[in-house]
Amino acid sequence: MTFITRLRKTAFPVIFAFFLTACDPMLSIQGSFWPAWIICILAGLMASMVLMWQLVRHRLAPYLGPPLLIAPSLWALCTFVIWLLFYQNAP
């Protein structure tokens, strides 16, 4: 394999990933700009805590499996759903 071929396979994806990191939507909260993914992570954490509390309250949590696996999975699910609902078409 030539140097140019290796460069295309490794360097270009890294360069594109570097430049695409600036394409996330920004929110202005009290004059301070926050990346939208931080807001989604925090909102997902709150939503997953409420859902987990409801599962424990209705005595369904023991049937789901190990809490160490279920709680982070629920957090990720809530975070991704919030991102898709609010920032799907963001520039």
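To be clear, the structure that these remarks concern was listed above.
The sections below set out a description of the structure shown in this document. Because the structure is a prediction, the values reported are computed rather than measured.

Where helix H2 (residues 36–57) contacts helix H3 (residues 67–87), the axes come no closer than 7 Å and their chain directions differ by 130 degrees. One finds that H2 runs oblique with respect to H3. Between H2 and H3 lies a crossing of right-handed hand. Contact residues: H2 offers Ala 36, Trp 37, Cys 40, Ile 41, Ala 43, Gly 44, Leu 45, Ala 47, Ser 48, Leu 51 and Met 52, while H3 offers Ile 70, Leu 74, Trp 75, Cys 78, Thr 79, Ile 82, Trp 83 and Tyr 87. Residue classes in the contact of H2 with H3 are distributed as 16 nonpolar, three polar and no charged.

Its place among the elements puts Ser 48 in helix H2. Filtering out sequence-adjacent residues up to four positions away, Ser 48 remains in contact with Leu 74, Trp 75 and Cys 78.

Turning our attention to H2. Along its 22 residues, H2 runs 31 Å from first to last C-alpha, staying within 8% of the 32 Å computed at 1.5 Å per residue. Inspection of H2 places Ala 36, Cys 40, Gly 44, Ser 48 and Met 52 among the buried residues, and these make up the whole buried set. In an axial view of H2, the angular spread of the buried residues amounts to 125 degrees, which keeps them on one side of the axis. Seen from the buried face of H2, the exposed residues on the opposite side, beyond 90 degrees, are Met 46, Trp 53, Val 56 and Arg 57.

Along the chain, Leu 45 falls in helix H2. Given the relative accessible area of 27%, Leu 45 is considered partly exposed. Remark: the alpha-carbon pair of Leu 45 and Ala 76, spanning 31 residues in sequence, is separated by 8.3 Å.

Definitions and cut-offs
- Residues numbered from 1 in each chain as written.
- Predicted model: local features only at pLDDT ≥ 70, side-chain atom pairs only at ≥ 80, totals over all residues.
- Heavy atoms only, no water.
- Axes fitted to C-alpha atoms, helices over the stretch in contact; angles between N-to-C directions.
- Helix = DSSP H or I, 4+ residues; strand = E, 2+ residues; numbered from the N terminus.
- Parallel < 35°, antiparallel > 145°, perpendicular 65-115°, else oblique.
- Left-handed = near helix turned anticlockwise from the far one by under 90°.
- Contact = heavy atoms within 4.5 Å.
- Nonpolar A, V, L, I, M, F, W, Y, C, P; charged D, E, K, R; others polar.
- Expected span 1.5 Å × (residues − 1).
- Buried < 20%, exposed > 50% of the residue type's maximum accessible area, 1.4 Å probe, protein only.
- Arc of directions from axis to C-beta.

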